[in-house]
Amino acid sequence: MAYRILPHFLVGTAFGAEPQLYNTNVEFTRKKVGFFITYESSSEANLAHHLSTTLAMSGSYRNEVVNREFLYWQTQFSFRNLLSIYKTLEIDINRGWRKLSGLSDISFSNFFLTGNLFLHKRIQFNFSFDARRNLPTYEMHLNTADSLFDVSLHRAASAGLSLYLPLNMTLRGNVSLRFRRDNLQDNLFASIFYNIRHFPKRGHHFTARLAYIRVPFTQAYRPVFTYRFPFRRQYIVNLTMGGYLYKNRAFATSTYFGEISTFFNFARDYFASASLRQYYEEKGLGALQLYWEIGRNF
């Protein structure tokens, strides 16, 4: 339920019951309640910039026992078509068994930030920082070691750059770093993407991708090249070549593949797709994979 108290302010509440952990049956001993207030700055007359922020308090309970109580703060901001930012922050209020487990009265539990910035009409920069985690409920706390939730902490930063080049070309690059809590090297993920449309003639596309992964003890590369062209009206053919290359301290291995796939629409609302992929391993031919699908668009 929500009610607008002023032109830019909205207040509301939500409450209900949660399903059981192991099935979808509603259990009224598992209750949830929340209150929120939202501010929105933009209007239909002024869409050049937009600011929306929500502050909420939520709690979930099992009988009379607290599962979790926290404050939630979400903000969205955009300025014309140049800048957009989205942020969420959660602050836990710990009491009862949560306080007895060693947590402080108040703890920062989840944070996420992402944004896009157009430096030029042909240059786009994006970034994100992720510090979200799975938090234990009362039942999980009784049956799961706290160390498992500490390991599940996901803290990562990423940045990417997109170039929209002349002659229908696009070039993108992205780098992501996941920070580990142990003494091992942080996980690194990187990729580069190139696409040219209507080459060598209208309706034809060529795409090249290269992904790189570095995790403790292992490095991996994945190159993929795809050529797409229309065969007939509403009938598309893709020719793809790629591979998987892995290397660690003990050995290195590689697998390559070639694929032909099709997609077409028929009878207005229906579609069909099929692909045939042949793998090539170091010792010769590998698995042959066949996939097909028929569906309807609603």
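None of the values given here were measured: they were computed from a predicted structure.

A.B. asks: Where do I start with the pairing of strand 4 (residues 49–62) in this structure?
C.D. replies: Where a strand is regular, its side chains alternate between the two sheet faces. Where strand 3 (residues 26–40) lies against strand 4, eleven bridges are found, and the strand directions are antiparallel. Looking across to strand 4, one finds that Tyr39 is bridged to Thr53. By the bridge criterion, 14 bridges tie strand 4 to strand 5 (residues 65–79) in an arrangement that is antiparallel. By the bridge assignment for strand 5, Thr53 is matched with Thr75. Linking strand 4 to strand 5, which pair antiparallel, is a turn of two residues; within it Asn63 sits at a positive phi near 55°.

A.B. asks: Looking at this structure, I do not really get a nonpolar patch on the surface. What am I missing?
C.D. replies: Together, Leu239, Ile260, Phe266, Tyr270, Leu276, Leu288, Leu290, Trp292 and Ile294 line one region of the surface with nonpolar side chains, adding up to about 920 Å² of accessible area. Elements represented by at least two residues in the nonpolar patch include exactly strand 15 (252–266), strand 16 (270–281) and strand 17 (284–296). A total of four residues in the nonpolar patch trace back to one element, the largest contributor, which is strand 17. Relative to the helices and strands, Leu290 resides in strand 17. Leu290 sits in the exposed class, given a relative accessible area of 64%.

A.B. asks: Help me out: how do you make sense of the pairing of strand 16 in this one?
C.D. replies: Relative to strand 16, strand 15 is paired through twelve bridges, and the arrangement is antiparallel. Bridging from a neighbouring strand, Thr255 pairs with Glu281 of strand 16. As consecutive antiparallel partners, strand 15 and strand 16 are separated by three residues, and within that stretch Ala267 has a phi angle of approximately 50°, a positive value. Hairpin geometry of strand 16 and strand 17 is characterised by an intervening segment of two residues between the two adjacent antiparallel strands.

A.B. asks: Can you walk me through the pattern of salt bridges in this structure?
C.D. replies: All chains considered together, the criterion is met by seven salt bridges. The salt bridge involving Arg68 is made with Asp92; its shortest N-O contact spans 2.9 Å. In this pair, Arg68 is assigned in strand 5 and Asp92 in strand 6 (residues 83–93), connecting sequence segments 24 residues apart. The class for Arg68 is buried, based on a relative accessible area of 15%. Among the salt bridges present, the one from Arg277 reaches Glu259, with a minimum N-O distance of 2.7 Å. Of this pair, Arg277 sits in strand 16 while Glu259 sits in strand 15, and the two are 18 residues apart along the sequence. The exposure classification of Arg277 matches that of Glu259, with both residues buried. Overlapping salt bridges, with partners in common, bring together Arg68, Glu90, Asp92 and Arg98 in one network.

Each value, and the rule that gives it
Residues numbered from 1 in each chain as written. Predicted model: local features only at pLDDT ≥ 70, side-chain atom pairs only at ≥ 80, totals over all residues. Heavy atoms only, no water. Pairing = 2+ DSSP bridges. Helix = DSSP H or I, 4+ residues; strand = E, 2+ residues; numbered from the N terminus. Patch = residues over 30% accessible without salt bridge, like charges linked within 9 Å, V, L, I, M, F, W, Y side chains within 5 Å. Areas by Shrake-Rupley, 256 points an atom, 1.4 Å probe, with all protein chains shown as cover. Salt bridge = Lys/Arg side-chain N within 4 Å of Asp/Glu carboxyl O. Buried < 20%, exposed > 50% of the residue type's maximum accessible area, 1.4 Å probe, protein only.

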